[in-house]
Amino acid sequence: LIENVIQDFEIPSHKIHFFVRDNGANMVKGFSETVYTGLSCFLHTLQLVIHDVLFEQRMIKDVIANCKKMVGHFSHSSLACNKLAELQRQHNLPEHKLIQDVTTRWNSTYFMLRRVFEQKQAISSYCVNTPNMPVLDANKWNLLNKLSHLLKIFHDATVRLSERTATAADVIPQIKFLEMYIEKASTANRSEIENSDILFLKPISHNFIFQNFIFNH
């Protein structure tokens, strides 16, 4: 199949240095059976780090599930949206609509969490007076805020490496930046809060990213 694509596009073999692919087992196996090198897409690997390591932690899954339920409630009820708009005006908040995350869209969970935290006062006022709505306590709001800050770094990295001028040479410096940021955030939090509050930072490590991107191709 790969040879057919190369022939269809009339690409001289001496101009092919490597192929960028995702991390699917079929893609990895497919390239292992050719003479060509398959290099893991860094941005796809970055998303796997977020979903397979960060979002699989119980306390984070619970917060995200609560946010999805709240956003889903407003997206299916015009009355709820009108009430939210009223509360936004009462709390002098931007009259922004909430954002529903989409599993297949990179960074969509970040956009959802960021918007929910922006509307914290209005949402909290609504939820405490509405049956069957999740109510986030101070610890969960704190976790949501820290999670949003962390995901922003991954979002910014995705945007930078999606630019037309981005090259493979930008990848390792970006990995080092992410590693330094996470280590700095972990150290700072460790001196201010309980260790249990920074557990979500620990699995996103330098070794995990390097093992999945640099060596796994």
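Quick caveat: nothing in here was measured; it's all calculated off a predicted structure.

**Q** Report on the overall build of the chain, specifying residues and quantitative values.
**A** In terms of helices and strands, the chain carries 10 helices and two strands. Shown N-terminal to C-terminal, the secondary structure of the chain runs as helices and strands in the order α-β-α-β-α-α-α-α-α-α-α-α. Within the chain, the fraction of its 217 residues that count as buried is 39%. Within the chain, contacts between residues at least 6 apart in sequence are counted, and of these 68% link residues at least 24 apart. Of the accessible surface of the chain, which amounts to about 12,900 Å², a share of 54% is contributed by carbon and sulfur atoms.

**Q** Run through the side chain of Gln 88, naming residues and quoting values.
**A** Examined against the element boundaries, Gln 88 turns out to sit in helix α5 (residues 78–90). Look past the residues within four positions of Gln 88 in its chain and what remains in contact with it is Leu 93, Pro 94, Glu 95, His 96, Gln 119 and Ala 122.

**Q** Got a sec to walk through a nonpolar patch on the surface? Specific residues and values, please.
**A** Taken together, the side chains of Leu 1, Val 5, Phe 9 and Ile 11 define a hydrophobic patch exposed on the protein surface, amounting to about 450 Å² of accessible area. According to the relative accessible area criterion, Phe 9 is exposed, its value standing at 61%.

**Q** Describe in detail the pattern of salt bridges, supporting the description with residues and values.
**A** Scanning the model with the defined rule gives seven salt bridges in all. Across the salt bridge formed by Arg 89 and Glu 95, the nearest N and O atoms sit 3.3 Å from each other. Classification of Arg 89 as partly exposed rests on a relative accessible area of 47%.

**Q** Describe the side chain of Gln 119, with residues and values.
**A** Tracing the sequence through the fold places Gln 119 in the loop between α6 (108–118) and α7 (120–128). Other than its neighbours up to four places away in sequence, Gln 119 contacts Gln 88, Leu 93, Pro 94, His 96 and Leu 98.

**Q** Requested: an account of the packing of helix α4 (residues 58–75) against α6, with residues and values cited.
**A** Across the interface, α4 lies against α6 with an axial gap of 10 Å and an inter-helix angle of 75°. Here α6 runs roughly perpendicular to α4, going by the angle between their axes. Contacts from Ile 64, Cys 67, Lys 68, Met 70 and Val 71 in α4 reach Thr 109, Met 112, Leu 113 and Val 116 in α6. Its residues assigned to classes, the contact of α4 with α6 comprises seven nonpolar, one polar and one charged.

**Q** Let's hear about the packing of helix α3 (residues 42–54) against helix α8 (residues 138–160): which residues, and what values?
**A** Close contact between α3 and α8 brings their axes to 10 Å; oriented N to C, the two are set at 165°. The angle between α3 and α8 places the two elements in the roughly antiparallel class. Handedness of the crossing formed by α3 with α8: left-handed. Contacts from Leu 43, Leu 46, Gln 47, Ile 50 and Leu 54 of α3 reach α8 at Leu 147, Leu 150, Leu 151, Phe 154, Ala 157 and Thr 158. In terms of residue class, the contact of α3 with α8 is made up of nine nonpolar, two polar and no charged.

**Q** I'd like to hear about the packing of aromatic side chains, residue by residue, with values.
**A** Evaluated as defined, the whole model comprises five aromatic pairs. Consider the rings of Phe 74 and Tyr 126, whose centres lie 4.8 Å apart with planes at 55°: the pair is tilted. Taken together, the positions of Phe 74 in helix α4 and Tyr 126 in helix α7 put the pair 52 residues apart, joining distant regions of the chain. According to the relative accessible area criterion, Phe 74 is buried, its value standing at 3%. Measuring from ring centre to ring centre gives 5.4 Å for Tyr 110 and Phe 111, while their planes differ by 45°; the resulting arrangement is tilted. Residue Phe 111 is classed as partly exposed on the basis of its relative accessible area, which comes to 24%. Grouped by ring-pair contacts, the aromatic residues Phe 19, Phe 31 and Tyr 36 constitute a single cluster.

Cut-off values and rules
- Residues numbered from 1 in each chain as written.
- Predicted model: local features only at pLDDT ≥ 70, side-chain atom pairs only at ≥ 80, totals over all residues.
- Heavy atoms only, no water.
- Helix = DSSP H or I, 4+ residues; strand = E, 2+ residues; numbered from the N terminus.
- Buried < 20%, exposed > 50% of the residue type's maximum accessible area, 1.4 Å probe, protein only.
- Contact = heavy atoms within 4.5 Å.
- Areas by Shrake-Rupley, 256 points an atom, 1.4 Å probe, with all protein chains shown as cover.
- Patch = residues over 30% accessible without salt bridge, like charges linked within 9 Å, V, L, I, M, F, W, Y side chains within 5 Å.
- Salt bridge = Lys/Arg side-chain N within 4 Å of Asp/Glu carboxyl O.
- Axes fitted to C-alpha atoms, helices over the stretch in contact; angles between N-to-C directions.
- Parallel < 35°, antiparallel > 145°, perpendicular 65-115°, else oblique.
- Nonpolar A, V, L, I, M, F, W, Y, C, P; charged D, E, K, R; others polar.
- Left-handed = near helix turned anticlockwise from the far one by under 90°.
- Phe/Tyr/Trp six-rings, centres within 6.5 Å; stacked < 30°, edge-to-face > 60°.

These values are about where atoms sit, not about what they do.
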